[in-house]
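# An overview of the molecular structure
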Amino acid sequence: MQQIHWRKSSYSNTHPEGDCVEVAPLEALTGVRDTKARDRGHIEASPAAWCAFLTALRT
């Protein structure tokens, strides 16, 4: 089983409540989870879907 290396969003420190997400590269997908609810699992997005999501956030 592949070990997953989660990385916190760079915006985590700007929210005192600790609202943030973590992302991790998976085999062919990107994993996304809530830092405060790590035990609840994660969602997975294709590279194209993840790119479109990030582009939408930036615009």
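Structure's up top.
Counting of residues starts from 1 at the beginning of each chain's written sequence and follows it residue by residue. Thresholds applied to this predicted model are a pLDDT of at least 70 for local features of residues and 80 or more for the giving and counting of side-chain atom pairs; totals over whole chains, interfaces and linings are not thresholded and use all residues. Values shown for side chains rest on all heavy atoms present in the structure; no hydrogens or waters enter the calculation.

Numbered from the N terminus, helices here are DSSP runs of H or I no shorter than four residues, and strands are runs of E no shorter than two. Relative to the helices and strands, Thr35 resides in the loop between strand S3 (30-34) and strand S4 (43-45). Burial classes: relative accessible area under 20% of the type maximum marks a residue as buried, over 50% as exposed, and values in between as partly exposed (1.4 Å probe, protein chains only). Note on Thr35: relative accessible area 13%, which makes it buried. The contact definition used throughout considers only heavy atoms, calling two residues in contact when any of these lie within 4.5 Å. With residues near it in sequence (within four places) discarded, Thr35 still touches Lys8, Cys20, Val21 and Glu22.

Our next topic: the sheet that holds S4. Following DSSP output, two strands are said to pair if at least two bridges run between them. Strand order in the open sheet formed by four strands is S1-S2-S3-S4, with antiparallel pairing between adjacent strands. Both edges of this open sheet fall to strand S1 (7-8) and S4, since each of them pairs with a single strand only. With three bridges joining them, S3 and S4 adopt antiparallel strand pairing. Residue pairing across strands places Gly31 opposite Glu44, the latter belonging to S4. As a rule, the C-alpha atoms of each element are fitted with a line to give its axis, helices using only the stretch in contact, and angles between N-to-C directions run from 0 to 180 degrees. In the packing of helix H1 (residues 47-58) onto the sheet, contacts are made with strand S2 (21-25), S3 and S4, and the angle to S4 comes to roughly 95°.

Below, the discussion takes up the pairing of S2. With two bridges connecting them, S1 and S2 associate as antiparallel partners. Residue Arg7 lies in a different strand from S2, and its bridge partner there is Val23. Taken together, the five bridges between S2 and S3 define a ladder with antiparallel strand orientation. Residue pairing across strands places Ala24 opposite Gly31, the latter belonging to S3. In textbook terms, the turn of a hairpin is the stretch between consecutive antiparallel strands, and for S2 and S3 this stretch comprises four residues.

Side chains carrying opposite charge are able to pair once their charged atoms draw close together. Just to be clear on terms, a salt bridge is a Lys or Arg side-chain nitrogen sitting within 4 Å of an Asp or Glu carboxyl oxygen. Per the stated rule, a full pass over the model turns up two salt bridges. For Glu22, the salt bridge identified is with Arg33, shortest N-O distance 2.5 Å. With Glu22 in strand S2 and Arg33 in strand S3, this pair connects stretches of sequence that are 11 residues apart. Given the relative accessible area of 4%, Glu22 is considered buried. The class of Arg33 is buried, set by a relative accessible area of 17%. For Glu22, the salt bridge identified is with Arg38, shortest N-O distance 2.6 Å. Of this pair, Glu22 sits in strand S2 while Arg38 sits in the loop between S3 and S4, and the two are 16 residues apart along the sequence. We classify Arg38 as partly exposed; its relative accessible area is 40%. One continuous salt-bridge network, built from bridges that share partners, spans Glu22, Arg33 and Arg38.

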